[in-house]
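Here is how the chains run, residue by residue.
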Amino acid sequence: MKLITAIIREVQLDKVHEALIKAEIERITVSRVSGHGQQKIEELHRGRIVVPDLIPKIKIEIAVNDDFVDVTVNTILKSARTDGTEGRVGDGKIFITPLEECIRIRTGERGRDAI
Amino acid sequence: MKSIGKKSLLLLVFTLFSITGLYASDGIVIDSGATAWMLTSTALVLLMIPGLGMFYGGLVRSKNVLGTVMHSFVAMGIISVLWIIIGYSMCFGKNVMGGLIGWNNGYFFLNGIDNNVMKEGIPEYVFSMFQCKFAIITPALLAGAFAERVSFKAYCFFIALWSLFVYNPLCHWVWASDGFLFNLGPKGAIDFAGGTVVHISAGVGGLVAALYLGSRRGYPYQVIRPNNLVITMLGAGLLWVGWFGFNAGSSISSGLSTAQALTATQIAAATGALTWIIIEGFHQGKSTALGFASGILAGLVAVTPAAGVVQPYGALVLGLLASCICYIAIQVKNKLGYDDSLDVFGIHGVGGIVGAISLSFFIRPSWMIEAAASSSDGKWTIWNQLGIQILAVGIAITFAAIMTFLVIFVLNRFIKLKSNEDDEMAGLDRAYHGERGYGMLNPN
């Protein structure tokens, strides 16, 4: 079991979500985060350009069984890239971490079946 | 003794001056009571526009909140400027082009009404500014139909053109003293405060625009939730308060008819709101805050054309009827699946039609007697008036539908009204204004 954590652009959330659903990956957790990577964005406030040092991003967390890791990662890669398939600074990152255990609270099931 | 004589002479001169000051060039006395109320009403109707911005702003997703609020605010800028240049003249000038619109050189830039006092006893500036607010709120209402998916620049052009080619002619027909709907039948088609001019035109125009532009990205399978219903409720509250200016101010006086309109307004709003949450309670098992707000609006919209002619029980029935029919209209919309985002047609269009037609059954007897007296054969029944009302509603629907279509069709040749996919996904706030409405919030 793996935990896939993807940090993506806010604006790509709809596309990524739709692509994941199409790939039959429907159990996801989404949160709003801010962070600092390579990207800079500019906001306008009364004509003054403001560059926030922390940029709003979306974090998607998906716990998957090992055989689903590739399809999940590929789906996110494809749908989270902007500018066609070129990609731009700020498209985000994907982290994969080993997942020790997964327990469904309702039934107490553990492991593979609980995901 | 001498100084007292001088003083009293001075006093006399002042008194004379202050009296002559109250006369306009043509000798009509300013009715300060009516003027004061009309000034208040003007401010109240203006308050409805930010209220509407809040009402709509709370209903969209958080990435579109500022863009949606701006749809209301920018209308205050654009339409006010257009209004003083040519809008007032097109609406309240003398018939030109066979009565299609009005025109009066003295109204161009309002330059000829500097000293005018109307026969109602109020300065014409007050009337003009009061009417200006109606012209502002109508396209702002319409904007709810295509919320979350139009480009800001194109929207600005759209409301300017829509105001010139749809609102102004309709307003002239219904409210100008020589407008043809104003003179239909012995006492005219009844549209006290804008059932046809404001609500039917905005509702039908909105429906046409929503159908023409197509739905939002992801509608209806993607969940699109209101971002902040508290703002929506505050907006609905401001609309209710402002509606007293809208309806009671439309009597252009401060007296009995003002009080009648005010009472009808309160009753219809309350009945509409109660009816809506009762229906919801039975239909869905829960009464929602948004349902209450929708009921307020449905009741207010329905009583708008009727406020001057119905008695309290009539207003009560109108509010009840409007909520029932609007509720059904929205269920039908959900079945049909077209994307009238904030239900402009479902509430304003349908509510306006319900009000403008069914008011015929609740007209106060004194009005019917006057109508009979001024008709050719001395008779006038509710069925006669019903015919007039249906005709006026039919004309308003047809005109608004065709003209809105033409305005969008032509505008789209020059500038695309609908946002492109990237802008729509990013949200109006970031794409067109470079700002964010809120800090950290839920992703949708």
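Details of the structure are given in the entry above.
Just so you know, these numbers come straight off a predicted model, no measurement behind them.

Asker: I'm lost on the overall build of chain B in this one. Help?
Answerer: The secondary structure content of chain B amounts to 15 helices and two strands. Over its C-alpha trace chain B gives a radius of gyration of 23 Å, about what one expects of a compact globule, namely 22 Å for 444 residues. Counting the 444 residues in chain B, one finds 56% classified as buried. Sequence-distant contacts in chain B: of pairs separated by 6 or more residues, those separated by 24 or more amount to 77%. When the accessible surface of chain B is totalled, it reaches about 18,100 Å², and 70% of it is carbon and sulfur. Of note, chain B has its 24 positive side-chain charges centred 4 Å away from the centre of its 20 negative side-chain charges.

Asker: Help me understand the nonpolar core, please; the structure alone is not making it clear to me.
Answerer: Among soluble globular proteins, nonpolar side chains are generally buried collectively. Counting residues in hydrophobic clusters, the biggest one holds 137 residues, and the most contacted among them are Phe 92, Phe 146, Phe 158, Tyr 167, Phe 246 and Val 310 of chain B. Take this core: its biggest share by element is 16 residues, from helix α5 (residues 152-175) of chain B. Counting residues in each nonpolar core, the second largest holds 15 residues, with Ala 6, Ile 25, Ile 62 and Val 73 of chain A among its members.

Asker: Which parts of the structure should I look at to understand the interface of chain B and chain A?
Answerer: For an interface, size is often stated in terms of accessible area lost upon the parts coming together. Residue-level contacts link 17 residues of chain B with 16 residues of chain A. Both faces combined, the contact of chain B with chain A buries some 1,500 Å², and carbon together with sulfur accounts for 46% of it. The interface formed by chain B and chain A includes four salt bridges. For Glu 10 of chain A, the salt bridge identified is with Arg 436 of chain B, shortest N-O distance 3.3 Å. The interface formed by chain B and chain A includes three residue pairs in polar contact (both at pLDDT 80 or more). For the side of chain B that touches chain A, the residue count by class is six nonpolar, four polar and seven charged.

Asker: Teacher, can you tell me more about the packing of helix α7 (residues 229-248) of chain B against helix α9 (residues 289-303) of chain B here?
Answerer: The relative placement of two packed helices is expressed as an angle between their axes plus a distance between the axes. Residue and element names in this part refer to chain B. Running from N to C, α7 and α9 cross one another at 15 degrees; their axes reach a closest spacing of 10 Å. When the axes of α7 and α9 are compared, the pair comes out roughly parallel. Judged by the twist between their axes, the crossing of α7 over α9 is left-handed. Seen from α7, the contacting residues are Leu 229, Thr 232, Met 233, Ala 236, Leu 239, Trp 240, Trp 243 and Asn 247; seen from α9, they are Ala 289, Leu 290, Ala 293, Ile 296, Leu 297, Leu 300, Val 301 and Val 303. Classifying every residue of the contact of α7 with α9 gives 14 nonpolar, two polar and no charged.

Asker: Explain the sheet that holds strand β2 (residues 29-35) of chain A here, please?
Answerer: To summarise the sheet geometry, strands pair through backbone hydrogen bonds and adopt either a parallel or an antiparallel arrangement. Residue and element names in this part refer to chain A. Strand order in the open sheet made by the four strands is β2-β5-β1-β6, with antiparallel pairing throughout. At either end of the open sheet lies a strand with only one pairing partner, and these are β2 and β6 (92-98). On average, each strand axis in the sheet is tilted by 25 degrees relative to the strand beside it, whichever way the strands run. On the sheet, helix α1 (residues 13-22) packs against β1 (2-8), β2 and β5 (55-64) and is oriented at approximately 10 degrees with respect to β5.

Asker: Teacher, can you tell me more about the environment of Leu 3 of chain A here?
Answerer: All names here are of chain A. Within the fold, Leu 3 resides in strand β1. Through-space distance from the C-alpha of Leu 3 to that of Asp 83 is 28 Å; in sequence the pair is 80 residues apart. Among residues more than four places away in sequence, those in contact with Leu 3 are Ile 62, Ala 63, Phe 95, Ile 96, Thr 97 and Leu 99.

Asker: What should I look at first to understand a nonpolar patch on the surface in this one?
Answerer: Residue and element names in this part refer to chain B. The grouping of Ile 402, Phe 405, Leu 406, Phe 409, Val 410 and Phe 414 at the surface amounts to a nonpolar patch, some 590 Å² of accessible area in total. Within the secondary structure, Phe 409 sits in helix α13 (residues 382-414). Among the residues examined, Phe 409 registers a relative accessible area of 33% and is labelled partly exposed.

Asker: Which parts of the structure should I look at to understand the pattern of salt bridges?
Answerer: Pairing between side chains of opposite charge can happen when their charged atoms approach one another. This model, assessed by the stated rule, comprises 18 salt bridges over all chains. Note that Arg 430 of chain B is salt-bridged to Glu 10 of chain A, the shortest N-O span being 2.8 Å. Residue Arg 430 of chain B is found in helix α15 (residues 428-433), and its partner Glu 10 of chain A is found in the loop between β1 and α1; the two belong to separate chains. The exposure class of Arg 430 of chain B is partly exposed, given its relative accessible area of 35%. The buried category is assigned to Glu 10 of chain A, whose relative accessible area is 17%. The closest approach of N and O atoms between Asp 343 of chain B and Lys 333 of chain B, which form a salt bridge, is 3.0 Å. Separated by ten residues along the polypeptide, Asp 343 of chain B in the loop between α10 (312-336) and α11 (344-358) and Lys 333 of chain B in helix α10 bring together distant segments of the chain.

Asker: I would appreciate a short explanation of the environment of Gly 144 of chain B in the present structure.
Answerer: Residue and element names in this part refer to chain B. Looking at the secondary structure, you find Gly 144 in the loop between α4 (124-142) and α5. Residue Gly 144 is classed as buried on the basis of its relative accessible area of 0%. Discounting chain neighbours no more than four positions away, the residues touching Gly 144 are Tyr 56, Asp 340, Ser 341, Leu 342 and Val 344.

Conventions and cut-offs
- Residues numbered from 1 in each chain as written.
- Chains lettered and ligands numbered in written order.
- Predicted model: local features only at pLDDT ≥ 70, side-chain atom pairs only at ≥ 80, totals over all residues.
- Heavy atoms only, no water.
- Helix = DSSP H or I, 4+ residues; strand = E, 2+ residues; numbered from the N terminus.
- Rg over C-alpha atoms; globule rule 2.2 N^0.38 Å.
- Buried < 20%, exposed > 50% of the residue type's maximum accessible area, 1.4 Å probe, protein only.
- Contact = heavy atoms within 4.5 Å.
- Areas by Shrake-Rupley, 256 points an atom, 1.4 Å probe, with all protein chains shown as cover.
- Lys, Arg positive; Asp, Glu negative; His and termini not counted.
- Charge placed at Lys NZ, Arg CZ, Asp CG, Glu CD.
- Core = buried A, V, L, I, M, F, W, Y, C linked by side-chain atoms within 4.5 Å.
- Buried area = accessible area lost by both parts, 1.4 Å probe.
- Salt bridge = Lys/Arg side-chain N within 4 Å of Asp/Glu carboxyl O.
- Polar contact = N/O pair within 3.5 Å; in protein donor to acceptor, adjacent residues only side chain to side chain.
- Nonpolar A, V, L, I, M, F, W, Y, C, P; charged D, E, K, R; others polar.
- Axes fitted to C-alpha atoms, helices over the stretch in contact; angles between N-to-C directions.
- Parallel < 35°, antiparallel > 145°, perpendicular 65-115°, else oblique.
- Left-handed = near helix turned anticlockwise from the far one by under 90°.
- Pairing = 2+ DSSP bridges.
- Patch = residues over 30% accessible without salt bridge, like charges linked within 9 Å, V, L, I, M, F, W, Y side chains within 5 Å.

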